[in-house]
Amino acid sequence: MSEYFSLSDCDVIGFDLDHTLCRYHLKETSRLIYESFARYLVEHKGYDKDLLTLSPATWDFCFKGLVLDLEDGNLVKLADDGTVLRATHGSHDLSAEELLKHYGPKREWKHFNSLNTSYTRSAKYYFYDNYFDLPGALLCARVVDMLHKRGNEVTSDFWKDMIASIDHNYNTSAFREDAGTYFPSVKQNPGRYLQPCSDAVKAWLRRMKDAGKVLLLITSSHSDYCRLICEHILGKDFEELFDVIITNALKPGFFSLVPQQRPFRTLVNDFEDSEGLPSLDKPGWYSQGNWPHLHELVRTMTGKQDPKVVYFGDSMRSDMFPASSYGKWETVMIVEEMEGEGVPCTNKAKSSEAPAEPLEKKGKYEDQGMKAPLDVSEQWGSYFVDVPKRAAGEEEEALKLTWCTHSIHTFSTMAIPSVEAIADLPLDYKFPRFSPDKPSTTGYYPRPPDSLLKWAQSQT
């Protein structure tokens, strides 16, 4: 395998939608998602109304890559070897002594091998690896705090209520029925939450199409929500940019459910046809489906027995791991945390947090003190590296790579802060790729994040 990766070598180029092609105003969207979940718990499950009130400082807790241990209510940040770097019970930090008590002298999290080899969720833990989930971690922590405040035992029962709140807001009929808080809010004011793609990104997509590439859009969003997003970020003619659009793809099952894969279905007015298709015989817009049937279609479209596919996504669980492991596709991971550590998100270093609307119109949502979820957290530290907490008398350890960094290096071809970062480059630009033989800093474009550079310096 070459040590470089180039889009010009690929026959098929696929994209996830949310936080990949579509960039959200993260502060606004995070508040909305949190409110959507919390309001359900208060109004339908009888939880304390205090859950609906947050201070700006509270948002520092939101951190991608945490694992919620449903058996004890702890949230843990893992090192590349599965040891616990930091942990909280509810929102409160566990001290070094408490980490020893919970996880033993080696600080081993007991479910790590299961999570590390499958990236699936479990009845015993939940992995927060995308921005739609992230406010749920904060809400879970606050629920655990409230259970303690009431003197109630923390059990995994509260998780059933969390799952119900997610389903209430995100199920496939919620958009059509104006159910929950999330979809009605985005429909009413999409500009508050969604950032239109730059002209450079639109031109880049057209350049790839003109160069004969097959372009795919594969999203777990339902077709009606996908259409709203795409019309806002790409324009009314967005369907002309893609050869195949797949909505309600139910990733990661789209890649991994073999041989019990779901059939593709056609759509009529955003309703799925009840009859599944035995195969795909032409480009178009479909729902659900599976990558083996898609692979057969792109073989026909490209005229190649083994077409080279690259897939852009932002989730290790839903995109990178399954596309790499099962589809054997090249993968480009969007890692917005790179921006929080000094890496420009575009060649012109435009900010991803430009105001969604004039400040005077923001009213109660205006909140200068709120941290964006992609920024480095005071409570959790860097997404990429960390130093394990040490108890009194223990020897100080060196910087360690996080499990998230290890996963990116293992299952991604390369990592970028946004598609805008590469949209102005020629299609034959050669990117250094991640490789077991290369340092962990090789594979990030346009450069590695600050903390990873610091870690690399500490290794020499």
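Shown above is the structure to which this text applies.
Predicted model, so just to flag it, every value in this text is computed and none were measured.

Quick look at the layout of surface pockets
Roughly 1000 Å³ of internal volume is contained in the largest pocket. Tyr-170, Ser-220, Ser-221, Lys-251 and Ser-318 are the residues nearest the centre of the largest pocket, which is lined by 42 residues in total. Residue assignment for the lining of the largest pocket shows that the elements contributing at least two residues are α5 (157–170), α7 (182–188), α10 (223–233), α11 (253–256) and α13 (316–325). Ranked by residues supplied to the lining of the largest pocket, first place goes to α13 with five residues.

Quick word on the environment of Ser-256
Looking at where Ser-256 falls in the secondary structure, it is placed in helix α11. A relative accessible area of 26% places Ser-256 in the partly exposed class. As a C-alpha pair, Ser-256 and Pro-292 span 36 residues in sequence and 9.8 Å in three-dimensional space. A distance of 3.1 Å separates a polar atom in the side chain of Ser-256 from the backbone oxygen of Pro-252.

Let's talk about the sheet that holds strand β12 (residues 264–265)
The sheet built from eight strands is open, its strands ordered β12-β15-β11-β10-β2-β16-β17-β20 with mixed pairing. The sheet terminates laterally at β12 and β20 (414–416), the two strands that pair on one side only. Bridge count for β12 against strand β15 (residues 284–288) is two bridges, and the pairing is antiparallel. The residue bridging Phe-264 from the neighbouring strand is Gln-288, located in β15.

Focus on unusual backbone geometry
Between Lys-251 and Pro-252 the backbone carries a cis peptide bond, its omega angle lying at 5°. One can find Pro-252 in the loop between β11 (244–247) and α11. Looking along the chain, the bond that leaves Tyr-445 and enters Pro-446 is cis, with omega of 5°. In this fold, Pro-446 is placed in the loop between β21 (431–432) and α16 (450–458). Located in the positive-phi region is His-19, a residue other than glycine, with phi close to 65°. With respect to the secondary-structure elements, His-19 resides in the loop between β2 (12–15) and β3 (23–24). Notably, Leu-250 is not glycine yet its phi reads approximately 55°, a positive angle. As for its placement among the helices and strands, Leu-250 is situated in the loop between β11 and α11. Of the residues examined, Leu-250 reaches a relative accessible area of 32% and is grouped as partly exposed.

Here's the deal with the packing of aromatic side chains
With the rule as written, the count across this model stands at 41 aromatic pairs. Their ring planes at 15° and their centres at 5.2 Å tell us that Tyr-119 and Trp-403 sit as a pair that is stacked. Taken as a pair, Tyr-119 in the loop between α3 (112–118) and β8 (125–127) and Trp-403 in helix α15 (residues 403–411) lie far apart in primary sequence, 284 residues in all. With respect to burial, Tyr-119 and Trp-403 carry one shared label: buried.

Considering the side chain of Thr-181
For Thr-181, the position within the fold is in the loop between α6 (174–177) and α7. When near neighbours in sequence (up to four residues on either side) are disregarded, Thr-181 contacts Leu-32, Ser-36, Arg-39 and Asn-169.

Looking at the sheet that holds β8
With antiparallel pairing, five strands are arranged side by side in an open sheet as β7-β6-β5-β4-β8. With partners counted over all chains shown, the strands left at the sheet margins are β7 (92–93) and β8, one partner each. Looking at chain direction, strand β6 (residues 84–89) and β7 are connected through two bridges and run antiparallel. If you follow Thr-88 over to β7, its bridge partner there is Asp-93.

A closer look at the packing of α13 against α15
Packing of α13 against α15 leaves a shortest axis separation of 10 Å and a crossing angle of 35°. Regarding α13 and α15, the two cross each other, and that crossing is left-handed. Contacts from Met-316, Met-320, Phe-321, Ser-324 and Ser-325 in α13 reach Ser-407, Ile-408 and Phe-411 in α15. Residues that form the contact of α13 with α15 fall into these classes: five nonpolar, three polar and no charged.

Details of the pattern of salt bridges
Under the definition given, this model contains 25 salt bridges. In this structure, the salt-bridge partner of Arg-23 is Glu-336, at a minimum N-O distance of 3.0 Å. Highlighted residues: Arg-23 in strand β3 and Glu-336 in the loop between β17 (330–334) and α14 (337–340), separated in sequence by 313 residues. Note on accessibility: Arg-23 and Glu-336 belong to one class, buried. Across the pair Arg-299 and Glu-296 runs a salt bridge whose closest N-O atoms are separated by 2.7 Å. Taken as a pair, Arg-299 and Glu-296 lie in helix α12 (residues 291–302) at a separation of three residues, close to a single helical turn. A relative accessible area of 24% places Arg-299 in the partly exposed class. Here the salt bridges share partners, and the residues they tie into one network are Asp-16, Lys-251 and Asp-319.

So, helix α9 (residues 199–210)
Taking 1.5 Å per residue as the helical rise, α9 with its 12 residues ought to reach 16 Å, and the 16 Å between its terminal C-alpha atoms agrees with that figure. Looking only at α9, the buried set comprises Val-201, Lys-202, Trp-204, Leu-205 and Met-208. In a view along the axis of α9, the buried residues occupy a sector of 160°, so they form one face of it. Away from the buried face of α9 by more than 90 degrees, exposed residues Asp-199 and Asp-210 are located.

Thresholds applied
- Residues numbered from 1 in each chain as written.
- Predicted model: local features only at pLDDT ≥ 70, side-chain atom pairs only at ≥ 80, totals over all residues.
- Heavy atoms only, no water.
- 1 Å grid on protein atoms, 1.4 Å probe; cavity = no way out; pocket = protein on both sides within 12 Å on 5 of 7 lines; lining within 4 Å.
- Points joined across faces, edges and corners; volume = space filled by probe spheres on them.
- Helix = DSSP H or I, 4+ residues; strand = E, 2+ residues; numbered from the N terminus.
- Buried < 20%, exposed > 50% of the residue type's maximum accessible area, 1.4 Å probe, protein only.
- Polar contact = N/O pair within 3.5 Å; in protein donor to acceptor, adjacent residues only side chain to side chain.
- Pairing = 2+ DSSP bridges.
- Phe/Tyr/Trp six-rings, centres within 6.5 Å; stacked < 30°, edge-to-face > 60°.
- Contact = heavy atoms within 4.5 Å.
- Axes fitted to C-alpha atoms, helices over the stretch in contact; angles between N-to-C directions.
- Left-handed = near helix turned anticlockwise from the far one by under 90°.
- Nonpolar A, V, L, I, M, F, W, Y, C, P; charged D, E, K, R; others polar.
- Salt bridge = Lys/Arg side-chain N within 4 Å of Asp/Glu carboxyl O.
- Expected span 1.5 Å × (residues − 1).
- Arc of directions from axis to C-beta.

That's the geometry; what it means functionally is another story.
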